[in-house]
Protein chains: 2
Amino acid sequence: MAVAILAHERFPDHAKTAVGILRYSDRDVVAVIDRAHAGERVAEHLPDVQDAPIVEGVDDITADIEELLIGIAPIGGGFEESWRPDVRAALKRGADVTAGLHYLLNDDEEFAALAEANDCTLRDVRDPPTDLSVANGTAGDVDATVIATVGTDCSVGKMTTTMELVDALRAKGYDAAAVPTGQTGVMIEGWGIVVDRVIGDFLNGAVEQMVTKAAADHDVLVVEGQGTIVHPAYSAVTCGILHGAMPDALVLCHEAGRETIHGYSAFDLPPVETYVDLYESLAAPVAEAEVAAGMLNTRTIESDAAAQEAVDAYAEAIDAPASDPLRFDLTESIEALL
Amino acid sequence: MAVAILAHERFPDHAKTAVGILRYSDRDVVAVIDRAHAGERVAEHLPDVQDAPIVEGVDDITADIEELLIGIAPIGGGFEESWRPDVRAALKRGADVTAGLHYLLNDDEEFAALAEANDCTLRDVRDPPTDLSVANGTAGDVDATVIATVGTDCSVGKMTTTMELVDALRAKGYDAAAVPTGQTGVMIEGWGIVVDRVIGDFLNGAVEQMVTKAAADHDVLVVEGQGTIVHPAYSAVTCGILHGAMPDALVLCHEAGRETIHGYSAFDLPPVETYVDLYESLAAPVAEAEVAAGMLNTRTIESDAAAQEAVDAYAEAIDAPASDPLRFDLTESIEALL
């Protein structure tokens, strides 16, 4: 599918969703829209993802586009009015528009009317489906191996680990699939539920529903985690994913050098060993799952040698094989997880 | 405030909210409405709560009523059409109507019109407020002692423990208040948030907001817990309350003889000692809180002597003072909690 990604003034460093789609989606990205970088190419910024021209606006895209993805999310999740001409132009060309904003495209009268007139779809991926219910406690019965990514904090690499593990599993011949639980993952995969928008009573159930669905078609699932089990604000979501997924094995994701909870500096991260104990003991009454591998985000470490040292120290601390999924091989981790 | 409680065909055994209001609310209950027991009195069924006549319908109540409370919740949380004449009659008499159903009174066109015409209010306590947001991680900074009730399962006595602890604290001269998190608690107290209806991202935040508000007016808070941290379906809610409240001490509630998760019999309850470890270790990175007391629901044990024996064994298992709040004294527990 041919798509364009809107990332005005935030590409690439503040465009997590745009970069995720360029890196992991099987869509064909025909353009990134960022007025601050128009005329450049994605490859000038990110050599290791699919390349595309960067343009000023939708009207500068000559190729056909089937979908416009909003690849950025300002703090607060609002819709910026400066994006309106691009969304309008995309709809007039008959392209669907997909966003993960708090502001719902479907609630915008102009967009709703244009979508109807041009027979295209507005997808608000943050809006949960209406058929959710309480969990039955049956995710453990599915006919697939379920791996869950868990973390020491937000933004340590759970989504990246999920996608890299699925790619590495597929490269080794496994029929693997991601179970996306956040807006970037859902936009990359084209399905899933943004679980942090689901009400408490249905949170575990939403994850169970996704695991059950994906297990019908695949042999190995990697469930994208959210937050951390010790997060002052987001732990409810983390816990619901852990118990709703009823995983067979856990991957503990961490960022080298992270010492306090992101945005909550009064809260120190406990030692990584403590996380291993916490996740395993909390999972145990619902699903026996060990932290069988670890992933360390080493983006702040320049040399590969120093990064490998950090990974080795992390592996020793959590007593399991470890890697950095963007830097090193995943073979040993995958063997430990299956 | 003079109120009537609707509990058709379910009083008292399947009317948890009605019984909770009779037992704990400071409202003056002028009638219970149950067509199956019309002509009887509450005291014939429940000797230890406030007494009231049981009547066929609202039209049989001669006293003034300011509020009609729907004191029952059928499975699924629907509104039963056989209740409509009573709600209609109450609104026509100018009484507010309060319910904790999934079905929202405010969405019912007839009720909305009658409420407007008679200048009264429809309160749907399950509907969360619209001003919620993510937690700041600041509940631990409030100027009050925060006690949280946690449990080994649903329906073991967390709400009852919360109310009994507050009463016992007040009897000892403390300025204590409950922080209600479920529909019965919210209807008893007349404020609060039904947290299982709050989206994952705001769950911890909703509890923080309540604790912060209550701490401004009171010295000791007892936060009503929900579910259990090892519940296959509801653990997200439990975790959000624990971290959102950032308590100073925990009370572990359990029912004597409970062996599997209620309604999820494939899941054994872990030993009570395991719960102590789990709740304390999960709380620790956010708020240092020990299980300082335990409450054992001994309703299935006939003799006081056998119940006391069970309580003593429970106290030994959790290594903290214990009681049954409906049967025995709370002095020792309160001393341990403060």
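Predicted model only: the values in this text are computed from it and were never measured.

Trainee: Go over the overall build of chain A, please, and point to the residues and values.
Mentor: Along the backbone of chain A there are 11 helices and 14 strands. Compactness check: chain A gives a C-alpha radius of gyration of 20 Å against a globular reference of 20 Å for 338 residues, within 12% of the reference. In terms of principal-axis extent, the alpha carbons of chain A reach across some 55 × 50 × 45 Å. Per-residue burial over chain A gives 56% buried out of 338 residues. Here the analysis covers contacts within chain A between residues at least 6 apart in sequence; of these, 71% occur between residues at least 24 apart.

Trainee: Please give an account of the nonpolar core that cites residues and values.
Mentor: If you look at the biggest cluster of nonpolar residues, it comprises 232 residues, and the most contacted ones within it are V211, L221 and Y279 of chain A together with V211, L221 and Y279 of chain B. Not counting residues up to four positions away in its chain, the partners in contact with L221 of chain B are A144, V146, I147, A177, V179, V211, A214 and A215 of chain B.

Trainee: Tell me about the relation of the copies chain A and chain B, residues and numbers included.
Mentor: Put simply, the two copies of the chain differ by a rotation about an axis and a shift along that axis. Mapping chain A onto chain B is achieved by rotating through 180° and translating by 0.0 Å along the same axis, at an RMSD of 0.0 Å. Taken together, the rotation and translation describe the operation of a two-fold axis. Most of the interface of chain A is mirrored in chain B: 100% of its interface residues are interface residues there too.

Trainee: Could you give an account of the packing of helix α3 (residues 84-92) of chain B against helix α4 (residues 109-117) of chain B, with specific residues and numbers?
Mentor: All names here are of chain B. Packing of α3 against α4 brings their axes to within 9 Å, and their N-to-C directions diverge by 15°. One way to sum up the angle between α3 and α4 is to call them roughly parallel. Of the two elements, α3 crosses α4, and the hand of that crossing is left-handed. From α3, V87, R88, L91 and K92 reach across to α4, where they touch F111, L114 and A115.

Trainee: Report on the sheet that holds strand β5 (residues 96-99) of chain B, specifying residues and quantitative values.
Mentor: Residues and elements named next belong to chain B. Pairing is parallel in the open sheet, where six strands are placed in the order β3-β2-β1-β4-β5-β6. Of all the strands in the sheet, the pair left with one neighbour each is β3 (54-55) and β6 (122-124). Bridge count between strand β1 (residues 2-6) and strand β4 (residues 67-70): four bridges; the pairing is parallel. Each bridged residue has a counterpart across the sheet, and for A4 the counterpart in β4 is L68. Contacts from helix α1 (residues 16-24) reach β1, β2 (28-33) and β4 within the one sheet, and its direction differs from that of β2 by about 155°.

Trainee: Run through the domain arrangement of chain A, naming residues and quoting values.
Mentor: All names here are of chain A. Its domain assignment divides chain A into domain 1 (2-124) and domain 2 (139-337). Once you take the C-alpha centre of each, domain 1 and domain 2 turn out to be 28 Å apart. With nine residues of domain 1 at the interface, the matching set in domain 2 holds seven residues. Looking at which element gives the most residues to the side of domain 1 that touches domain 2, the answer is helix α1 (residues 16-24), with five residues. Class assignment of the residues belonging to the side of domain 1 that touches domain 2 gives a composition of three nonpolar, five polar and one charged.

Trainee: I'd love a proper account of unusual backbone geometry, names of residues and values included.
Mentor: Residues and elements named next belong to chain A. The amide bond that connects F11 to the next residue, P12, takes the cis arrangement and shows omega of -5°. Assignment of secondary structure puts P12 in the loop between β1 (2-6) and α1. Positive phi, close to 65°, is recorded for E9, a residue that is not glycine. Here E9 shows up in the loop between β1 and α1. The backbone phi angle of D119 is positive, close to 55°, even though this residue is not glycine.

Trainee: Quick rundown of helix α10 (residues 304-318) of chain A? Include the residues and the values.
Mentor: It helps to recall that an α-helix has 3.6 residues per turn; residues three or four apart then point in one direction. Residue and element names in this part refer to chain A. The end-to-end C-alpha separation of α10 is 21 Å, in line with the 21 Å expected for 15 residues at 1.5 Å each. For α10, every residue scored as buried is listed here: A307, A310, V311, Y314 and I318. The arc that holds every buried residue of α10, seen down its axis, measures 100°, which confines them to one face. Exposed residues pointing more than 90 degrees away from the buried face of α10 are listed as A305, A306, D312 and E316. At its buried positions, α10 is contacted by β10 (249-255), α9 (272-283), β13 (290-297) and β14 (322-323). Looking one or two residues beyond α10, the residue adopting positive phi is D319, at roughly 55°.

Trainee: Please set out the pairing of strand β9 (residues 220-223) of chain B residue by residue, giving values where relevant.
Mentor: Residues and elements named next belong to chain B. A two-sided burial pattern is seen for β9, the buried positions comprising V220 and V222 on one face and L221 and V223 on the other. Across four bridges, the pairing between strand β7 (residues 145-151) and β9 is parallel. In the strand pairing of β9, A148 is matched with V223. In the sheet, strand β8 (residues 176-179) pairs with β9 via four bridges, with the strands oriented parallel. Within β9, the position partnered with A178 by the bridge is V222.

Trainee: An account of the packing of helix α9 (residues 272-283) of chain B against helix α10 (residues 304-318) of chain B is needed here, citing residue identities and associated values.
Mentor: Between two packed helices, both the angle of their axes relative to each other and the distance between the axes serve to describe the pair. All names here are of chain B. Contact geometry of α9 with α10 gives a least axis separation of 8 Å together with a crossing angle of 45°. With respect to their mutual orientation, α9 and α10 come out oblique. For the crossing formed where α9 meets α10, the hand is right-handed. The residues of α10 that touch α9, namely those facing V272, E273 and V276, are Y314, A317 and I318. Of the residues belonging to the contact of α9 with α10, the class tally is five nonpolar, no polar and one charged.

Trainee: A description of the interface of chain A and chain B should follow, citing residues and the corresponding values.
Mentor: The interface is formed by 33 residues belonging to chain A together with 33 residues belonging to chain B. Going through the elements one at a time, α7 (200-215), α8 (235-245), β12 (264-268) and α9 of chain A are the ones with two or more residues in the side of chain A that touches chain B. Per element, the largest residue contribution to the side of chain A that touches chain B is six residues, and it comes from α8 of chain A. Of the residues belonging to the side of chain A that touches chain B, the class tally is 22 nonpolar, eight polar and three charged.

The rules we used
Residues numbered from 1 in each chain as written. Chains lettered and ligands numbered in written order. Predicted model: local features only at pLDDT ≥ 70, side-chain atom pairs only at ≥ 80, totals over all residues. Helix = DSSP H or I, 4+ residues; strand = E, 2+ residues; numbered from the N terminus. Rg over C-alpha atoms; globule rule 2.2 N^0.38 Å. Buried ≥ 20, exposed ≤ 12 C-beta atoms within 10 Å, placed from the backbone. Contact = placed C-beta atoms within 7 Å. Core = buried A, V, L, I, M, F, W, Y, C linked by C-beta atoms within 7 Å. Least-squares fit on C-alpha atoms with pLDDT ≥ 70 in both. Axes fitted to C-alpha atoms, helices over the stretch in contact; angles between N-to-C directions. Parallel < 35°, antiparallel > 145°, perpendicular 65-115°, else oblique. Left-handed = near helix turned anticlockwise from the far one by under 90°. Pairing = 2+ DSSP bridges. Domains from an automatic or database assignment. Nonpolar A, V, L, I, M, F, W, Y, C, P; charged D, E, K, R; others polar. Expected span 1.5 Å × (residues − 1). Arc of directions from axis to C-beta.

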